[in-house]
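# A structural walkthrough
Each chain, letter by letter, is given below.
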Amino acid sequence: MTDSRPLVISCPLPRTLDLIFTPERLAGLRARYRLVETVDEELATLPPAVLAEARYIIGQPPLSEATLAAMTGLRCIFNVESNLLPNMPYDAAFARGIHVVTTGAVFAEPVAEIGLGFALSLLRNIHGAEADFRAGRELWGGDGNAQARLLTGAEVSIIGFGDLGRALARVLAGFRPRLSIHDPWLPEARIREARARPVDLPTALREADVVFVTAAVTSENRGFLGAEAFATLRPGAAFILLSRADVVDFDALLEAVASGRIVAATDVWPEEPLPRDHRARALPGLLKSAHRAGALDVAFQRMGEMVLADMDLIDRGLPPNLCKRAERETVARMRSRPVSRN
């Protein structure tokens, strides 16, 4: 008897199906679809009949023009790594009406929450005071608050206002910041809808007590926050990097922190894992996190939920709704590096 269930090619590296689907959802996926599991480099070698019949890809494998052309039944590529890599002919996919979507929005709230934690720790020196306590050099009462500042009512800038920037604005709302946003890819009306002030980059840097960087890496903005940008910051400003290391000239950031002019926090690094002898490890004034801000089980499992829900919509002739669609005009500009498979 012929199996008429739609065919799904699964190559979700660096994720696994067990990571992004709960046992119940994975059982539902296997019950509703025929699953062909492979790895990126072997997808193109699958039998022609499998390629032609595949309705969905879960993953972001490299696809040549020829391989994509052979996938005549393909309707959607579900990118569960979430960085859009220049490894497939996006124009050809869009011309055929194939959706390319990402599940990256699942990381917005977890990363925004840790960003709030970074800000509070930098402004109140929570991490430094705890280290002093362990070393027996704690300062009691007001003596330990010489540099302390409030987040409530502070001048806050967000650079980049995509999913993460918007989630950050929501978690900051209770602190009633005076919020400024710089995002050249958004109309000012969208920023004002968030009850924020649209500003250019120099203003975002110059007038803030706290600067959050949530901008994606593109072909146009690698290293755009360098020595000049850090010199523009207010003395004592807190600079918090949450998106990707490549938007920052990291040496310039470390120099700005080492000078004592600013404090900073980062969850991302130009080289991961960070070398054991890297100067950043011992740098006072830099709050360090090992690319763990979004890596929560609840976020990964939300990926599977989104994929299944959007598959159901597409099966019924509707567009995907929960996953974020790659845009024809901007996908070729994205330059974020993929998650390490090590």
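The sections below set out a description of the structure shown in this document. (Residues numbered from 1 in each chain as written. Predicted model: local features only at pLDDT ≥ 70, side-chain atom pairs only at ≥ 80, totals over all residues. Heavy atoms only, no water.)

This part covers the packing of helix 6 (residues 108–124) against helix 8 (residues 163–172). In the contact formed by helix 6 and helix 8, the axes pass within 8 Å of each other and the chain directions differ by 50°. One finds that helix 6 runs oblique with respect to helix 8. Handedness of the crossing formed by helix 6 with helix 8: right-handed. Contact residues: Ala108, Glu109, Val111, Ala112, Glu113 and Leu116 in helix 6; Asp163, Leu164, Ala167, Leu168, Arg170, Val171 and Leu172 in helix 8. Tallied by class, the residues present in the contact of helix 6 with helix 8 amount to nine nonpolar, no polar and four charged. (Axes fitted to C-alpha atoms, helices over the stretch in contact; angles between N-to-C directions. Helix = DSSP H or I, 4+ residues; strand = E, 2+ residues; numbered from the N terminus. Parallel < 35°, antiparallel > 145°, perpendicular 65-115°, else oblique. Left-handed = near helix turned anticlockwise from the far one by under 90°. Contact = heavy atoms within 4.5 Å. Nonpolar A, V, L, I, M, F, W, Y, C, P; charged D, E, K, R; others polar.)

A separate point is helix 12 (residues 250–258). Turning to helix 12, its buried residues are Phe250, Ala252, Leu253, Leu254, Ala256 and Val257. Buried positions along helix 12 lie against helix 11 (227–232), strand 10 (238–241), strand 11 (263–266) and strand 12 (286–288). Taking the backbone nitrogen of Asp251 as reference, a side-chain oxygen 3.3 Å away marks Asp249 as the first, capping residue of helix 12. Where helix 12 ends, the next residue or the one after it, Gly260, has phi of about 85°, a positive value. (Buried < 20%, exposed > 50% of the residue type's maximum accessible area, 1.4 Å probe, protein only. Polar contact = N/O pair within 3.5 Å; in protein donor to acceptor, adjacent residues only side chain to side chain.)

To continue, consider the sheet that holds strand 5 (residues 99–102). In sheet architecture, strand pairing relies on hydrogen bonds along the backbone and comes in two forms, parallel and antiparallel. Strands sit in the order 2-1-3-4-5-13 across an open sheet of six strands; the sheet is mixed. Each having just a single partner strand, strand 2 (34–37) and strand 13 (324–325) make up the two edges of the open sheet. In this structure, strand 5 lies alongside strand 13, joined through two bridges in antiparallel fashion. Paired with Val101 across the strands is Arg325, a residue of strand 13. (Pairing = 2+ DSSP bridges.)

If you walk through the whole model with that rule in mind, you get seven aromatic pairs. Centre to centre, the rings of Phe230 and Phe239 are 5.1 Å apart; their planes meet at 80°, and the pair counts as edge-to-face. As far as burial versus exposure is concerned, Phe230 and Phe239 are alike and both buried. In textbook terms, an aromatic cluster arises when at least three aromatic residues are bridged by ring pairs, as seen for Tyr33, Tyr56 and Phe78. (Phe/Tyr/Trp six-rings, centres within 6.5 Å; stacked < 30°, edge-to-face > 60°.)

This next bit is on the sheet that holds strand 11. As summarised here, the arrangement of the seven strands in space is 8-7-6-9-10-11-12, forming an open sheet in which the pairing is parallel. In the strand order of this sheet, the two ends are held by strand 8 (197–198) and strand 12, each with one partner. Of the strand pairs in this sheet, strand 6 (residues 155–159) and strand 9 (residues 210–213) are connected by four bridges, and their pairing is parallel. Residue Ile158 lies in a different strand from strand 9, and its bridge partner there is Phe212. Relative to strand 6, helix 8 is tilted by about 160°, and along the sheet it contacts strand 6, strand 7 (178–182) and strand 9. Sheet strands touched by helix 12: strand 10, strand 11 and strand 12. Its angle to strand 11, the strand with the most contacts, is close to 140°.

Another aspect to go through is the packing of helix 2 (residues 23–32) against helix 13 (residues 297–315). Closest axis-to-axis distance for the helix 2/helix 13 pair is 10 Å, and the angle between their directions is 30°. In terms of axis orientation, helix 2 runs roughly parallel to helix 13. With respect to the hand of their crossing, helix 2 and helix 13 are arranged in left-handed fashion. Across the interface between the two elements, Arg25, Leu29 and Arg32 of helix 2 pack against Gln301, Gly304, Glu305, Leu308, Met311, Asp312 and Asp315 of helix 13. Partitioned by chemical class, the residues of the contact of helix 2 with helix 13 number three nonpolar, two polar and five charged.

As a further point, take the pairing of strand 3 (residues 54–59). Summarising burial for strand 3: six of the six residues are buried, a large majority. Looking at chain direction, strand 1 (residues 7–11) and strand 3 are connected through five bridges and run parallel. Residue pairing for strand 3: Ser10 is matched across the bridge by Ile58. Sheet analysis places strand 3 next to strand 4 (residues 76–79), joined by three bridges and oriented parallel. Opposite Tyr56, over in strand 4, you have Cys76 as the bridge partner. For the segment spanning strand 3, helix 4 (residues 65–70) and strand 4, crossover handedness is right-handed. (Right-handed = clockwise from strand over helix to strand, strands pointing away.)

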